[in-house]
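The chain contents come next:
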2 protein chains.
Amino acid sequence: MTPPRGFPPEEFRARTSRAQTLMQEAGLAALLLTTEPEVRYYTGYLTRFWESPTRPWFLVLPAAGGPIAVIPSIGAHLMRQTWITDIRTWQAPDYADDGLTLLADTLREVTPPDGQIGVADQMESHLRMPLADFRRLEAALVPRRIVSDAQITRRLRLVKSAAEIAKIRTATAIANRAFDRVPEIARPGIPLAQVFRDFQRLCLEEGADWVPYLAGGAGPGGYGDVISPATDAPLAAGDVLMLDTGLVWDGYFCDFDRNYSLGPPSQDVADAHALLIDATAAAFARARPGARIHDLFHAMNDITNPGGSGSDAGRLGHGLGMQLTEWPSIIPQDDTLLEPGMVLTLEPGVTLPGGQIMVHEEDILITEAGAEYLSAPQSPDIRVL
Amino acid sequence: MTPPRGFPPEEFRARTSRAQTLMQEAGLAALLLTTEPEVRYYTGYLTRFWESPTRPWFLVLPAAGGPIAVIPSIGAHLMRQTWITDIRTWQAPDYADDGLTLLADTLREVTPPDGQIGVADQMESHLRMPLADFRRLEAALVPRRIVSDAQITRRLRLVKSAAEIAKIRTATAIANRAFDRVPEIARPGIPLAQVFRDFQRLCLEEGADWVPYLAGGAGPGGYGDVISPATDAPLAAGDVLMLDTGLVWDGYFCDFDRNYSLGPPSQDVADAHALLIDATAAAFARARPGARIHDLFHAMNDITNPGGSGSDAGRLGHGLGMQLTEWPSIIPQDDTLLEPGMVLTLEPGVTLPGGQIMVHEEDILITEAGAEYLSAPQSPDIRVL
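Analysis parameters
- Residues numbered from 1 in each chain as written.
- Chains lettered and ligands numbered in written order.
- Predicted model: local features only at pLDDT ≥ 70, side-chain atom pairs only at ≥ 80, totals over all residues.
- Heavy atoms only, no water.
- Helix = DSSP H or I, 4+ residues; strand = E, 2+ residues; numbered from the N terminus.
- Rg over C-alpha atoms; globule rule 2.2 N^0.38 Å.
- Buried < 20%, exposed > 50% of the residue type's maximum accessible area, 1.4 Å probe, protein only.
- Contact = heavy atoms within 4.5 Å.
- Areas by Shrake-Rupley, 256 points an atom, 1.4 Å probe, with all protein chains shown as cover.
- Axes fitted to C-alpha atoms, helices over the stretch in contact; angles between N-to-C directions.
- Left-handed = near helix turned anticlockwise from the far one by under 90°.
- Nonpolar A, V, L, I, M, F, W, Y, C, P; charged D, E, K, R; others polar.
- Buried area = accessible area lost by both parts, 1.4 Å probe.
- Salt bridge = Lys/Arg side-chain N within 4 Å of Asp/Glu carboxyl O.
- Pairing = 2+ DSSP bridges.
- Domains from an automatic or database assignment.
- Polar contact = N/O pair within 3.5 Å; in protein donor to acceptor, adjacent residues only side chain to side chain.

**Some thoughts on the overall build of chain A**
Working step 1: Of regular secondary structure, chain A possesses 10 helices and 18 strands.
Working step 2: Its C-alpha radius of gyration of 23 Å places chain A within 12% of the 21 Å reference for a compact globule of 385 residues.
Working step 3: Each of the three principal axes of chain A carries a C-alpha extent, and together these read 70 × 40 × 40 Å.
Working step 4: The buried share among the 385 residues of chain A stands at 62%.
Working step 5: Considering only contacts within chain A whose residues lie at least 6 apart along the sequence, 69% involve residues at least 24 apart.
Working step 6: Of the roughly 13100 Å² of accessible surface on chain A, a fraction of 53% belongs to carbon and sulfur atoms.

Below is the structure:
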């Protein structure tokens, strides 16, 4: 059953309130948010217009009260449909002052002169505004200082609410159905680029709002990497085809892949696929509150790469939600404690005797009792087309 | 006829060489590039994997010789398929040192101690790496200084090569065909969200590699904005439906919209559409080498908004190419001189008597002789479904 779109205002109020508690602990008088997921997390402002790099967008989260949107006027109509009431706009792009005075005035209004303003500055973050403007902002705010945001938004986003989980569940169910229809679109002689186009079409037909991510590969005995766009090379009998999609429903992603053999698989391919499923199942069995992320890494790596410490991919899975990939990373160095409400991908990979690779991926939810597959867990037997 | 994918290595060599000439003029010993279009412009590295925010990617352009890729190992296989030969990798994500030492070493190797390293820091730019890492990098490079990139990449990208134009032309032709098929998917009773899904499907069927952008609206007498995602509200007789797509072919965008009336249009809607087409035609007639961007603004604004100076949209069109929107912005303050090879959108808007808006958009190429429509120019009569 498809959940409702959007969130009730209470969800945004709760997120804001939790952030303000953490801000107080961290000694922050305000947060300055500049990226799509940060702005959306506190407002519900959902638009594909971020694809345009022209205009900066700002959200100011004060120590008390609701967030303040400082945005280009083109976005005011849509922002007024969210729970945000304090919306300040300028007509962007403005070559002389692209929202900077408005932003500085807003930050001065809500922070004391000795206040600290937090911005995301750690791994997986960036500042979505021109660097020269950021430097001007820092100067304009003196004696206020811009400092690290203590990863407050990141910490909050790590654990998903029931409403968020319902959206991710919807996205994964759509992709499950699309993957089941791949026999309609893939057979020897069809160019891989055509398969990619058709697979995106299947995702849309099954209910995706849009398909921000599709990668994959095809070749005898595996593929060369997992991030390439498609070429026009035709599929051939004996190829392994892999499709990895991040489709979106109401702003939330799934991220998992499926492998297919065109015709009966070679023994190497059959064995590799079974090994990947074993590894995924081992990590799934370890995944429960109280375990740590590195436990999942070792559960998989002990099977796919015994004695080895890593691979080119750099990790064996990651968080998932408003973005295709979120923290944490499933690597030996990550000791994040699993909690109910975390959504993760398990993504082991193997190198085949011929030098090609195969990668498998599932999406899971950490529950009170252990874990639950959101994507449909696969059989050890690779799907045969 | 579909052009070949990719570019010959000579194109990348020419881009690199032109950048190096401008670097010498600007006193820059190297450029540091961090965003998708910047890295792709000099390398041809095309992947949707940038959707994942986890890993930073770096390209260093030295004063002489080819660019150096400093990238996560997951991208090495794909980068090796480009013309880049100097590829330095680390296993990302690395919580202790996420490529920073490798990047600093590379920059020190190719720049003298008193050298200046340019990064994009002006409008429409951002630095795609964690701010804390950037600050560490600045400290590690002393006495070298990181300064503005003199907008070198932006200046080069403003004028498209014949091969780039062929890709944009292909993208616009695909969208033309998809827009012609809208009667298949839109009629009263169909939810707007379904129309959005189906329209993306049509774009794929007509040859789009992917559809990074679709916005639009529907309502009696126009719509509220041009950046909203779809709702599940059904179309109704008398609605104006607008679809605005940025689809991609081989890494290049189109960006234009079409308006449709569900049933015969009201006089207000008919008049508004005719006015938008008049305004577009007036700007098109002014568009030729030697004219300036603000001439196009006034040509449109004098018709849609006589005596007025702007609108919520903030501009009446923009550049187009590797990104959905590029510089320049068609605003009164932009005095960029038009040159053959520039690709622009003309995007006038009007407010209807009922307070709703309508926007029209076409894509044009500046030629030696004047301008050429890349999208199929529309009749003053709004399309009727």
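More follows now that the structure is in view.
**Topic: unusual backbone geometry**
Working step 1: Here the amide bond leading from Val-142 of chain A into Pro-143 of chain A is cis, since omega sits at 10°, within 30 degrees of zero.
Working step 2: With respect to the helices, strands and loops of the structure, Pro-143 of chain A is situated in the loop between α5 (131–141) and β6 (145–148).
Working step 3: Here the residue pair Trp-327 of chain B and Pro-328 of chain B is connected by a cis peptide bond, since its omega of -5° sits within 30 degrees of zero.
Working step 4: Along the chain, Pro-328 of chain B turns up in strand β12 (residues 326–329).
Working step 5: Phi angles above zero are rare outside glycine, and Glu-124 of chain A is one such case at about 70°.

**Focus: the packing of helix α4 (residues 100–110) of chain A against α5 of chain A**
Residues and elements named next belong to chain A.
Working step 1: Close contact between α4 and α5 brings their axes to 10 Å; oriented N to C, the two are set at 40°. Remark: the crossing between α4 and α5 carries right-handed chirality. In contact with Leu-100, Leu-103, Ala-104, Leu-107 and Arg-108 of α4, α5 contributes Asp-133, Arg-136, Leu-137, Ala-140 and Leu-141.
Working step 2: Classifying every residue of the contact of α4 with α5 by side-chain character gives seven nonpolar, no polar and three charged.

**Let's talk about the interface of chain A and chain B**
Working step 1: Contacts between the two partners involve 78 residues from chain A, matched on the other side by 78 residues from chain B.
Working step 2: In total, chain A and chain B occlude about 6500 Å² of area from one another, counting both sides; carbon and sulfur atoms represent 55% of this.
Working step 3: Sorting the residues of chain A by area buried against chain B places Arg-48, Tyr-95 and Ile-227 of chain A first, and these three jointly supply 12% of that buried surface.
Working step 4: For the interface between chain A and chain B, the tally reads six salt bridges.
Working step 5: The salt bridge partner of Arg-5 of chain B is Asp-232 of chain A, with a shortest N-O separation of 3.4 Å.

**Let's talk about the environment of Arg-286 of chain A**
Residues and elements named next belong to chain A.
Working step 1: If you trace the backbone, Arg-286 turns up in helix α9 (residues 267–286).
Working step 2: Along the backbone, Arg-286 and Lys-167 are 119 residues apart, and their C-alpha atoms lie at a distance of 25 Å.
Working step 3: Arg-286 has contacts with Ala-291, Asp-295, Leu-296 and Ala-299, leaving out every residue within four places of it along the chain.

**With respect to the sheet that holds strand β12 (residues 326–329) of chain A**
Residues and elements named next belong to chain A.
Working step 1: Taking strand neighbours across the sheet as the criterion, the five strands line up as β12-β11-β13-β16-β17 in an open arrangement whose pairing is antiparallel. Each edge of the sheet is formed by a strand with only one pairing partner; in this case those strands are β12 and β17 (371–373). Going across the sheet, the axis of each strand differs from the next one's by a mean of 30°, ignoring polarity.
Working step 2: As paired elements, strand β11 (residues 317–319) and strand β13 (residues 343–346) share three bridges and run antiparallel to each other. Residue pairing across strands places Gly-317 opposite Leu-346, the latter belonging to β13.

**Observations regarding the domain arrangement of chain A**
All names here are of chain A.
Working step 1: Considered domain by domain, chain A is made up of domain 1 (9–156) and domain 2 (159–384).
Working step 2: Using C-alpha coordinates to define each centre, domain 1 is positioned 34 Å away from domain 2.
Working step 3: For the pair domain 1 and domain 2, the summed buried surface comes to about 1200 Å²; carbon and sulfur atoms form 53% of the total.
Working step 4: Seen at the junction of domain 1 and domain 2, the total is one salt bridge.
Working step 5: A salt bridge links Arg-15 to Glu-164; the nearest nitrogen and oxygen atoms lie 3.7 Å apart.
Working step 6: Applying the counting criterion to the domain 1 and domain 2 interface returns four residue pairs in polar contact (both at pLDDT 80 or more).

**Section: the pairing of strand β1 (residues 30–33) of chain B**
Residues and elements named next belong to chain B.
Working step 1: In β1, alternate side chains face the same way, and those of Ala-30 and Leu-32 on one face and Leu-31 and Leu-33 on the other are all buried.
Working step 2: Sheet topology places β1 next to strand β5 (residues 116–119); two bridges connect them, and they run parallel. In the strand pairing of β5, Ala-30 is matched with Ile-117.
Working step 3: Pairing analysis gives four bridges linking β1 to strand β2 (residues 58–62), with the strands arranged antiparallel. Its bridge partner lying in β2, Leu-31 is registered against Leu-61.

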